[in-house]
Amino acid sequence: MNRHSVFNHLEVFPAVDDLYIAAAEFIVSIANKAIAKNGRFIISLSGGQTPVKLYSILAQDPFRNQIEWKKVFIFWGDERCVPLEDEQNNAYQAKVTWLNKVDVPPSNIHIIPVNLKPAEAAKQYEKKINDFFGNSPKQFDIVLLGLGENGHTASLFPGTNVLNEQAEGIREVYVEEEKMFRITMTAPLINKAHHILFLVSGKKKAKILENIMQGPYQPEKYPAQLINPVEADLRWFADSAAATSVLLKNLES
């Protein structure tokens, strides 16, 4: 992995609210370009706490009036195997904070079927994605990602078998530290996207962001390093608290 090229894709914002606004502006820009070119915008969402505020902003003026929502298609990069109404469910969080407040047709919202057993849920969601794209490449216009303090992204966790997956698909993964199954896109599928945007905030993420960007390539330990597309536009948006260690080390080098 080219560490220098990854660093060049890092954009640092003074405060987390600035990060959210920039992310919302970026999504609106990509959405409108995709709709103008292809008649639709296909986005894969992330879970966790970082994107919740972003989703809330997209549901408010002025951003809610800047996208043709009926031409937006929603997927998820990963999901916890918890009930759909559970607050830990990524789709639930996105619906409550954003999707229920804009005019995305319900038929355009493709949630991961966590009511099924994990292996079947993964199989069915992969089929849904394959059917959606048909004979076209499985390329999302944008994939949103977060970064865990242990280096995971989507549900690509350290030491799990899914890290070795070469197929562009969906897999179930058991996360021992959580005693829970999750469903996740594989790294090759994520890397096929036209745009990939990481959102990283808070000082607790400073060390892991430094390790991902400037440490040795150890994807078994730091799975987020697997997200290294050949052609996609890869960007990392971080607030100053999260980027502190990266910036200091860059100044020292």
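Because the structure is a prediction, the values reported are computed rather than measured.

S.K.: How would you sum up the packing of helix α3 (residues 50-58) against helix α4 (residues 90-97)? Please name residues and give values.
M.R.: Axis separation between α3 and α4 bottoms out at 8 Å; the angle between their running directions is 30°. On the basis of the axis angle, α3 is roughly parallel to α4. Considering the relative orientation of α3 and α4, their crossing is right-handed. Residues Val52, Tyr55 and Ser56 of α3 touch α4, and the partners they reach there are Gln93, Ala94 and Thr97. Here the contact of α3 with α4 is composed, by residue class, of three nonpolar, three polar and no charged.

S.K.: An account of the confidence of the model for the protein chain is needed here, citing residue identities and associated values.
M.R.: Across the protein chain, pLDDT averages 93, with 94% of residues at or above 70. Residue range residues 1-5 is modelled with pLDDT below 50. Its contacts to residues more than four positions away, or to other chains, number eleven contacts.

S.K.: Let's hear about the side chain of glutamine 225: which residues, and what values?
M.R.: Along the polypeptide, glutamine 225 turns up in the loop between α7 (206-214) and β9 (233-239). By relative accessible area, which is 0% here, glutamine 225 ends up buried. Only 3.1 Å separates the side chain of glutamine 225 from the backbone oxygen of proline 216, close enough to count as a polar contact.

S.K.: Talk me through the pairing of strand β3 (residues 72-76); I want residue IDs and the actual numbers.
M.R.: In terms of burial, β3 is a largely internal element, five of the five residues being buried. Burial of β3 is two-sided: the residues Val72, Ile74 and Trp76 facing one way and the residues Phe73 and Phe75 facing the other way are all buried. Pairing of strand β2 (residues 41-45) with β3 involves five bridges; the strand directions are parallel. Bridge pairing links isoleucine 42 to phenylalanine 73 in β3. Remark: the β2/α3/β3 crossover connection has right-handed handedness.

S.K.: Which residues make up unusual backbone geometry, and what values go with them?
M.R.: With an omega of 5°, the peptide bond running from aspartate 61 to proline 62 counts as cis. Mapped onto the elements, proline 62 comes out in the loop between α3 and β3. Despite not being glycine, alanine 154 shows a phi value in the positive range, around 50°. Its relative accessible area of 11% is what places alanine 154 among the buried residues. Positive phi outside glycine occurs at lysine 179, with the angle close to 55°. Relative to the helices and strands, lysine 179 is located in the loop between β6 (170-175) and β7 (180-185).

S.K.: Account for the nonpolar core, with residues named and values stated.
M.R.: Core analysis: the largest hydrophobic core is formed by 85 residues, its most contacted members being Phe41, Leu54, Ile74, Trp76, Trp98, Phe140 and Trp236. At twelve residues, the largest contribution of residues to this core is made by helix α2 (residues 16-38). The residues contacting isoleucine 74, other than those within four sequence positions of it, are Ile43, Leu45, Trp98, Leu99, Val104, Asn108, Ile109 and His110.

S.K.: Break down the pattern of salt bridges for me, with residues and values.
M.R.: In total, this model carries eleven salt bridges according to the counting rule given. Lysine 71 serves as the salt-bridge partner of glutamate 68, at 3.2 Å between the closest nitrogen and oxygen. Classification of lysine 71 by relative accessible area gives partly exposed; the value is 32%. As a salt-bridge pair, lysine 179 and glutamate 176 come within 2.1 Å of each other at their nearest N and O atoms. Take lysine 179: its relative accessible area is 56%, and that puts it in the exposed class.

S.K.: For the sheet that holds β7, give the residues involved together with the corresponding values.
M.R.: Pairing in this open sheet of three strands is antiparallel, and the strands run β4-β7-β6 from one edge to the other. Edge strands, defined here as strands with exactly one partner in the open sheet, are β4 (78-80) and β6. Across the sheet, the axes of successive neighbouring strands diverge by a mean angle of 20°, strand direction being ignored. Taken together, the six bridges between β6 and β7 define a ladder with antiparallel strand orientation. The residue bridging valine 173 from the neighbouring strand is arginine 182, located in β7. This element, helix α5 (residues 118-133), spans β6 and β7 of the sheet and lies at about 150° to β6.

S.K.: Which residues make up the sheet that holds β9, and what values go with them?
M.R.: Pairing is parallel in the open sheet, where six strands are placed in the order β1-β9-β8-β5-β2-β3. Looking along the sheet, the strands with just one partner apiece sit at the ends: β1 (10-13) and β3. Mean inter-strand twist for the sheet, computed between neighbouring axes without regard to direction, equals 20°. Where strand β8 (residues 195-200) meets β9, six bridges bridge the pair, whose relative direction is parallel. Across the sheet, the residue bridging to histidine 195 is aspartate 233, located in β9.

Quick notes on the rules
Residues numbered from 1 in each chain as written. Predicted model: local features only at pLDDT ≥ 70, side-chain atom pairs only at ≥ 80, totals over all residues. Heavy atoms only, no water. Axes fitted to C-alpha atoms, helices over the stretch in contact; angles between N-to-C directions. Helix = DSSP H or I, 4+ residues; strand = E, 2+ residues; numbered from the N terminus. Parallel < 35°, antiparallel > 145°, perpendicular 65-115°, else oblique. Left-handed = near helix turned anticlockwise from the far one by under 90°. Contact = heavy atoms within 4.5 Å. Nonpolar A, V, L, I, M, F, W, Y, C, P; charged D, E, K, R; others polar. pLDDT = per-residue confidence, 0-100. Buried < 20%, exposed > 50% of the residue type's maximum accessible area, 1.4 Å probe, protein only. Polar contact = N/O pair within 3.5 Å; in protein donor to acceptor, adjacent residues only side chain to side chain. Pairing = 2+ DSSP bridges. Right-handed = clockwise from strand over helix to strand, strands pointing away. Core = buried A, V, L, I, M, F, W, Y, C linked by side-chain atoms within 4.5 Å. Salt bridge = Lys/Arg side-chain N within 4 Å of Asp/Glu carboxyl O.

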